[in-house]
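Residues per chain, in single letters:
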Amino acid sequence: AQSVTQPDIHITVSEGASLELRCNYSYGATPYLFWYVQSPGQGLQLLLKYFSGDTLVQGIKGFEAEFKRSQSSFNLRKPSVHWSDAAEYFCAVGGAYGNKLVFGAGTILRVKS
Amino acid sequence: GAVVSQHPSRVICKSGTSVKIECRSLDFQATTMFWYRQFPKKSLMLMATSNEGSKATYEQGVEKDKFLINHASLTLSTLTVTSAHPEDSSFYICSARVATGKPGGSFTNNEQFFGPGTRLTVL
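Procedures and definitions
- Residues numbered from 1 in each chain as written.
- Chains lettered and ligands numbered in written order.
- Predicted model: local features only at pLDDT ≥ 70, side-chain atom pairs only at ≥ 80, totals over all residues.
- Heavy atoms only, no water.
- Pairing = 2+ DSSP bridges.
- Helix = DSSP H or I, 4+ residues; strand = E, 2+ residues; numbered from the N terminus.
- Axes fitted to C-alpha atoms, helices over the stretch in contact; angles between N-to-C directions.
- Buried < 20%, exposed > 50% of the residue type's maximum accessible area, 1.4 Å probe, protein only.
- Contact = heavy atoms within 4.5 Å.
- Disulfide = S-S within 2.5 Å.

Enquirer: Residues and numbers for the sheet that holds strand 1 (residues 4-7) of chain B, please.
Expert: Residues and elements named next belong to chain B. In spatial order, the strands read 1-3-8-7; together these 4 strands make up an open sheet with antiparallel pairing. The open sheet terminates on both sides in strands that have one partner only, identified here as strand 1 and strand 7 (67-73). For this sheet, the mean inter-axis angle between neighbouring strands, taken without regard to orientation, is 15°. Looking at chain direction, strand 3 (residues 19-25) and strand 8 (residues 76-81) are connected through 6 bridges and run antiparallel. Residue pairing across strands places V19 opposite V81, the latter belonging to strand 8.

This is the structure:
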């Protein structure tokens, strides 16, 4: 069965520090992987996606993620966090053709000054 | 491009009434739209997949008679919460998938674009 695990419910980092949010997935075929960000009371904004090719993908707002098939992981990183990055982050996995997305439980990021 | 809107953004209604939520793809055609429900401090739960011109496919445990979905055009899907009760209070989010690729309708990717959500409060 498809599943996504985000092991960290909450993460707190200092402004300017680096960030890594973990995501592990279980999927029976070639996965399509996504990271979304949600601010309180808002919808989801796509940060980046991986379909194929280069396993290190760049997204918006300075985020990047690396697909590691051997570890079934797709961790999100940012070298220097800004206070405006405080939000909830969701990892999702889906298939290539018409399949639904399965979301992880989310990680709430807090940024301290 | 790829903007999805939802209306209303917030609605408060009395118990027993029905509420309709609209989801529109503003600058692209979406043959498939999805409806999610998000409980406080929880992830998104897929309720149903809506395909234009056909009946929606509901996830297990979602009452199809309670949550009516209509996808009448390539840019509009509606979710109607019938006889709403306080336990239906939630944040409802729709998404739309861009149809690309072969003329037969297959997809080259599975990217979904999300609406801003609708906060439903049932008193």
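Enquirer: Describe the pairing of strand 2 (residues 10-13) of chain B, listing the residues and the values that go with them.
Expert: All names here are of chain B. Residues V11 and C13 line the buried face of strand 2, whereas the alternating positions R10 and I12 sit on a face that is not buried. Of the strand pairs in this sheet, strand 2 and strand 11 (residues 118-122) are connected by 4 bridges, and their pairing is parallel. By the bridge assignment, I12 is partnered in strand 11 with T121.

Enquirer: For the pairing of strand 11 of chain B, give the residues involved together with the corresponding values.
Expert: Residue and element names in this part refer to chain B. Residues of strand 11 alternate between two faces, with T118, L120 and V122 buried on one and R119 and T121 left unburied on the opposite face. Inspection of the sheet shows strand 9 (residues 90-97) paired to strand 11 by 3 bridges, in the antiparallel sense. Each bridged residue has a counterpart across the sheet, and for F91 the counterpart in strand 11 is R119.

Enquirer: Please provide a residue-by-residue account of the environment of F114(B), values included.
Expert: Here F114(B) shows up in strand 10 (residues 112-114). F114(B) sits in the buried class, given a relative accessible area of 8%. Considered as a pair, F114(B) and V4(B) are 110 residues apart in the sequence and their alpha carbons are 6.1 Å apart. Filtering out sequence-adjacent residues up to four positions away, F114(B) remains in contact with Y36(A), L44(A), F103(A), V4(B), Y36(B), L44(B), I93(B), C94(B) and S95(B).

Enquirer: Could you give me a rundown of the state of the cysteines, with the residues and numbers involved?
Expert: Residues and elements named next belong to chain B. Summed over the entire model, instances satisfying the criterion amount to 2 disulfides over all chains. One disulfide in the model links C23 with C94; its S-S distance is 2.0 Å. Negative torsions about the S-S bond denote left-handed disulfides, and the value of about 80° found for C23 with C94 makes this one right-handed. Of this pair, C23 sits in strand 3 while C94 sits in strand 9, placing them 71 residues apart in sequence. Taken individually, C23 and C94 each receive the classification buried, so the pair is uniform in this respect. The structure places no disulfide on C13, whose sulfur is separated from the nearest cysteine sulfur, that of C94, by 18 Å. Take C13: its relative accessible area is 9%, and that puts it in the buried class.

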